[in-house]
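Given next are the chains, with one letter for each unit.
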Amino acid sequence: MDWDISLTHKSGDATRLAAEAAASGVDLVAAYGGDGTQMEVANGLLGTGVPQAILPGGTGNAMAHDLGVSLKLWEAAELIVSSDKRRAIDLAKIGDKVFMLRAYAGLSEDQAASREKKDQYGQLAYVQSA
């Protein structure tokens, strides 16, 4: 199997990298990260027909949990290479923003839990921000 790794450094990188990967003809894009990273990858792959695999690496990992992907990294990776089960999921769109699972309202981006707070407090950072 041929594979390549790309790293994100800022918001928008995962969308751009996923779109570039799809345009280059890859068979699959697997992303290590949390819900925000997975959402960006989904936006980059939208309409390409390239499947997305989740390697959970975030604080909450709601998408992985809701889709039944193990939160243990090695089990999620094993699923990618051993399972022939794929499923399409619905995406929704508000304005120009595409999302999976949930749309949130009420907190502005500057009020949301920061990476620093999530690193320090884990899932309690979401409660603190709210």
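Up top is the structure.
On a predicted model such as this, the values are computed, not experimentally measured, just so you know.

**Quick word on the overall build of the protein**
Along the backbone of the protein there are 6 helices and 4 strands. Helices (α) and strands (β) of the protein occur, in sequence order from the N terminus, as α-β-α-β-α-α-β-β-α-α. For the protein, whose C-alpha radius of gyration is 15 Å, the value lies close to the compact-globule estimate of 14 Å for 130 residues. Taken along the three principal axes of its C-alpha coordinates, the protein extends 45 × 35 × 25 Å.

**A few points about the pattern of salt bridges**
In this structure the tally under the stated criterion is 3 salt bridges. A salt bridge links Lys 10 to Asp 13, with the shortest nitrogen-to-oxygen separation between them at 3.3 Å. Overall, Lys 10 belongs to the exposed group, its relative accessible area being 58%. Its relative accessible area of 4% is what places Asp 13 among the buried residues.

**Quick word on the nonpolar core**
Core analysis: the largest hydrophobic core is formed by 11 residues, namely Met 39, Ala 42, Ile 54, Leu 55, Met 63, Ala 64, Leu 67, Val 69, Ala 76, Phe 99 and Met 100. Elements represented by at least two residues in this core include exactly α2 (35-45), β2 (52-56) and α3 (62-67). Ranked by residues supplied to this core, first place goes to α3 with 3 residues. If we skip the residues at most four places from it in the chain, Met 39 touches Met 63, Val 98, Phe 99 and Met 100. Ranked by size, the runner-up nonpolar core spans 9 residues in total, among them Ala 18, Ala 22, Val 29 and Val 41.

**Topic: the packing of helix α1 (residues 13-23) against α2**
The relative placement of two packed helices comes down to the angle between their axes together with the axis-to-axis distance. Interhelical geometry of α1 versus α2 gives an angle of 40° and a closest axis separation of 7 Å. Overall, the two elements α1 and α2 adopt an arrangement that is oblique. α1 and α2 meet at a crossing whose hand is right-handed. Residues Asp 13, Ala 14, Thr 15, Ala 18, Ala 19 and Ala 22 of α1 pack against Thr 37, Glu 40, Val 41, Asn 43, Gly 44 and Leu 45 of α2.

**Some words on the side chain of Asp 13**
Here Asp 13 shows up in helix α1. A polar contact is formed between the side chain of Asp 13 and the backbone nitrogen of Lys 10, at a distance of 3.0 Å. Beyond its immediate stretch of four places on either side in the chain, Asp 13 contacts Thr 8 and Glu 40.

**Some thoughts on the environment of Trp 3**
Within the secondary structure layout, Trp 3 lies in the segment before α1. Sequence separation of Trp 3 and Val 29 is 26 residues, and the distance between their C-alpha atoms is 9.7 Å.

**Looking at a nonpolar patch on the surface**
Taken together, the side chains of Met 1, Trp 3, Ile 5, Leu 7 and Val 81 present a nonpolar region at the surface, about 710 Å² in accessible area. Residue position: Val 81 is located in helix α4 (residues 73-82). Judged by its relative accessible area of 60%, Val 81 falls in the exposed class.

Thresholds applied
Numbering of residues starts from 1 in each chain and follows the order in which that chain's sequence is written. Thresholds applied to this predicted model are a pLDDT of at least 70 for local features of residues and 80 or more for the giving and counting of side-chain atom pairs; totals over whole chains, interfaces and linings are not thresholded and use all residues. To get the side-chain values, all heavy atoms of the structure are used, and hydrogens and water are removed first. Helix and strand assignments come from DSSP, with helices taken as H or I runs of at least 4 residues and strands as E runs of at least 2, each series counted from the N terminus. All radius of gyration figures rest on C-alpha atoms, and the globule criterion is 2.2 Å times the number of residues raised to 0.38. The rule for a salt bridge is simple: a side-chain nitrogen of Lys or Arg has to be within 4 Å of a carboxyl oxygen of Asp or Glu. Under the scheme applied here, a residue whose accessible area is under 20% of the maximum for its type counts as buried, over 50% as exposed, and between as partly exposed, the area being computed with a 1.4 Å probe on protein chains only. Grouping buried Ala, Val, Leu, Ile, Met, Phe, Trp, Tyr and Cys residues that are joined through side-chain atoms within 4.5 Å yields what is termed a nonpolar core. Here a residue-residue contact requires only that any non-hydrogen atoms of the pair lie within 4.5 Å. For helices, the axis comes from a line fit to the C-alpha atoms of the stretch in contact; other axes are also lines fit to C-alpha atoms, and the angle between any two N-to-C directions lies between 0 and 180 degrees. Relative orientations are named as follows: roughly parallel for angles under 35 degrees, roughly antiparallel for angles over 145 degrees, roughly perpendicular for angles from 65 to 115 degrees, and oblique for any other angle. Note: crossing handedness is left-handed where the near helix turns anticlockwise from the far helix by less than a right angle, and right-handed where it turns clockwise. Two N or O atoms count as a polar contact when they lie within 3.5 Å, although within protein this holds only if one can serve as hydrogen donor and the other as acceptor, and sequence-adjacent residues are included solely when both atoms are side-chain atoms. Exposure above 30% relative accessible area and the absence of a salt bridge qualify a residue for a patch, where like charges join within 9 Å and nonpolar side chains (Val, Leu, Ile, Met, Phe, Trp, Tyr) within 5 Å. Here, Shrake-Rupley sampling with a 1.4 Å probe gives the accessible areas, and only protein chains in the shown set may cover a residue.

That's the geometry; what it means functionally is another story.
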